[in-house]
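Coordinate analysis (summary)
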2 protein chains.
Amino acid sequence: MPHTHASSADGDEDKPCRACSDFKTWAKTQNRVTFSTPGKNKQPPPQRRKDCPLDKDEIGTATWSFLHSMASYYPKKPSKTQSDDMTKFFNIFAQFYPCEPCAVDFQEDIKKHPPQTDSRDAFAKWLCERHNTVNVKLGKPTFDCSKVHERWKDGWEDGSCD
Amino acid sequence: MPHTHASSADGDEDKPCRACSDFKTWAKTQNRVTFSTPGKNKQPPPQRRKDCPLDKDEIGTATWSFLHSMASYYPKKPSKTQSDDMTKFFNIFAQFYPCEPCAVDFQEDIKKHPPQTDSRDAFAKWLCERHNTVNVKLGKPTFDCSKVHERWKDGWEDGSCD
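It should be emphasised that the depicted structure is a prediction, and the values quoted were computed from it without experimental measurement.

1. Quick word on the overall build of chain A
On a plain count of helices and strands, chain A comes out with 6 helices and 0 strands. Across chain A, helices and strands are ordered from the amino to the carboxyl terminus as α-α-α-α-α-α. Sorting the 162 residues of chain A into buried and exposed places 47% on the buried side. For chain A, contacts bridging at least 24 residues in sequence account for 49% of all contacts bridging at least 6. Summing over all exposed atoms, chain A offers an accessible surface of approximately 8800 Å²; the carbon and sulfur share of this is 51%.

2. Regarding the environment of Gln82 of chain A
Residue and element names in this part refer to chain A. Topologically, Gln82 is positioned in helix α3 (residues 80-96). Since its relative accessible area comes to 24%, Gln82 is described here as partly exposed. Distance from Gln82 to Asp118, taken between C-alpha atoms, is 8.7 Å for residues 36 residues apart in sequence.

3. Side note on the packing of aromatic side chains
In this description, a pair of aromatic rings is defined by centroid distance and the angle of the planes. Evaluated as defined, the whole model comprises 28 aromatic pairs over all chains. Their ring planes at 90 degrees and their centres at 5.1 Å tell us that Phe90 of chain B and Trp126 of chain B sit as a pair that is edge-to-face. Separated by 36 residues along the polypeptide, Phe90 of chain B in helix α3 (residues 80-96) and Trp126 of chain B in helix α5 (residues 120-137) bring together distant segments of the chain. Between the aromatic rings of Phe93 of chain B and Tyr97 of chain B, the centroid separation amounts to 5.5 Å while the plane-to-plane angle is 50 degrees, which identifies the pairing as tilted. Side by side, Phe93 of chain B and Tyr97 of chain B carry an identical accessibility label, which is buried. The side chain of Arg151 of chain A reaches across the aromatic face of Trp152 of chain A, ending 3.8 Å from its centre. Sitting over the ring of Tyr73 of chain B, Lys153 of chain B keeps its end group 5.2 Å from the ring centre.

4. Here we look at the interface of chain B and chain A
The interface of chain B with chain A comprises 52 residues on the first partner and 52 residues on the second. Carbon and sulfur atoms make up 62% of the area that chain B and chain A hide from each other, which totals about 4400 Å². Broken down residue by residue, the surface that chain B buries against chain A is led by Phe66, Phe96 and Asp162 of chain B, which jointly contribute 16%. One can count 2 salt bridges joining chain B with chain A. Between Arg49 of chain B and Asp158 of chain A there is a salt bridge whose closest N-O contact spans 3.9 Å. Applying the counting rule to chain B against chain A returns 9 residue pairs in polar contact (both at pLDDT 80 or more). When residues of the side of chain B that touches chain A are assigned to their parent elements, the largest contribution, 9 residues, is made by α3 of chain B.

5. Quick look at the UniProt feature "domain: ERV/ALR sulfhydryl oxidase" (unreviewed entry) in chain A
In the numbering used here, UniProt assigns the feature "domain: ERV/ALR sulfhydryl oxidase" (unreviewed entry) to residues 52-152 of chain A. The annotated region residues 52-152 of chain A carries 70% helix and 0% strand content, and the separation between its end C-alpha atoms amounts to 26 Å.

6. Re the state of the cysteines
Within this structure, the stated rule accounts for 6 disulfides over all chains. The side chain of Cys161 of chain A participates in a disulfide bridge whose partner is Cys52 of chain B; the two sulfur atoms lie 2.0 Å from each other. The disulfide joining Cys161 of chain A to Cys52 of chain B has a torsion of about -90 degrees about its S-S bond and is therefore left-handed. With Cys161 of chain A in the segment after α6 (148-154) and Cys52 of chain B in the loop between α1 (23-29) and α2 (56-73), this pair bridges two chains. A single burial state applies to Cys161 of chain A and to Cys52 of chain B, both of which are buried.

7. Regarding the relation of the copies chain B and chain A
Mapping chain B onto chain A leaves a residual RMSD of 0.0 Å; the transformation is a rotation of 180 degrees accompanied by 0.0 Å of translation along its axis. These values place the two chain copies in the arrangement generated by a two-fold rotation axis. Residue Ala62 of chain B of chain B places its C-alpha closer to the rotation axis than any other residue of that unit, at 2.2 Å. Mapped onto chain A, 100% of the interface residues of chain B again fall at the interface, so both copies present the same surface.

Here is what the cut-offs are and how they apply
Residues numbered from 1 in each chain as written. Chains lettered and ligands numbered in written order. Predicted model: local features only at pLDDT ≥ 70, side-chain atom pairs only at ≥ 80, totals over all residues. Heavy atoms only, no water. Helix = DSSP H or I, 4+ residues; strand = E, 2+ residues; numbered from the N terminus. Buried < 20%, exposed > 50% of the residue type's maximum accessible area, 1.4 Å probe, protein only. Contact = heavy atoms within 4.5 Å. Areas by Shrake-Rupley, 256 points an atom, 1.4 Å probe, with all protein chains shown as cover. Phe/Tyr/Trp six-rings, centres within 6.5 Å; stacked < 30°, edge-to-face > 60°. Lys NZ or Arg CZ within 6 Å of the ring centre and 35° of its normal. Buried area = accessible area lost by both parts, 1.4 Å probe. Salt bridge = Lys/Arg side-chain N within 4 Å of Asp/Glu carboxyl O. Polar contact = N/O pair within 3.5 Å; in protein donor to acceptor, adjacent residues only side chain to side chain. UniProt positions renumbered as here; feature names shortened; annotations may be inferred. Disulfide = S-S within 2.5 Å. Least-squares fit on C-alpha atoms with pLDDT ≥ 70 in both.

Put into structure tokens, the structure is as follows:
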């Protein structure tokens, strides 16, 4: 379900929230952009300038890209301090992720599945599984977590990223 | 200067590091992709599949997008705990950012300019200034930090993102 409103303690409750929605849903609440329906009219699809605030999907894509890259470059054998810090990082991340309903879901998910930060492989696999939990929730295909370093660090074995 | 090699304590030292370079520089180290020079040959520009590891620039863009969005949705008046947590978040982030030379630069920059997390406005401005420090280093245009919430949360005042 798309979330179209933010709920926060700082007075934004009644404003449509771009980061809680995809662009099309959000734009409709603004009554400014109309969308073409095939065979109904000839309007081109809406063109946005590139330096606009990100919608929920765009924030998600950017954030997963950063997180997976970080996981695949995480130390293979981190120190105890590094491991504890990375766990802390995710607990804080889950509080401040800029889409409140997504953040609440993620907080619940990592309560059930706490960060595995004892090694690069364990950490990247754990993060991949968290992403798959979101994929399932959104009806998207899941990813084969055995290939997570190919996807985010090394490129595919068949050389198709070289 | 593009960084073409990672330096880390876990055995990756001698492998060309995609996240330390832009794609074109990185690809050249692989001796697999050649690039067309105008008037020299007719090869099309390289086409990568979309699910390849991100290069340095792509990781940067994704990460700044996430961070600026987070800052513009940060509480207007955070609690002391929230403020302390966000400061901690950036200190940890600076350790694990998946491009080591970039991470080292960022660690030095936030030592000189510690996170300002006492309010949404102060935090977003501080982050914008950190980004501008990187922009200057890379020879990119700087951003007018008075417009940071328009860029990352509200859209431009002239309605061009609506």
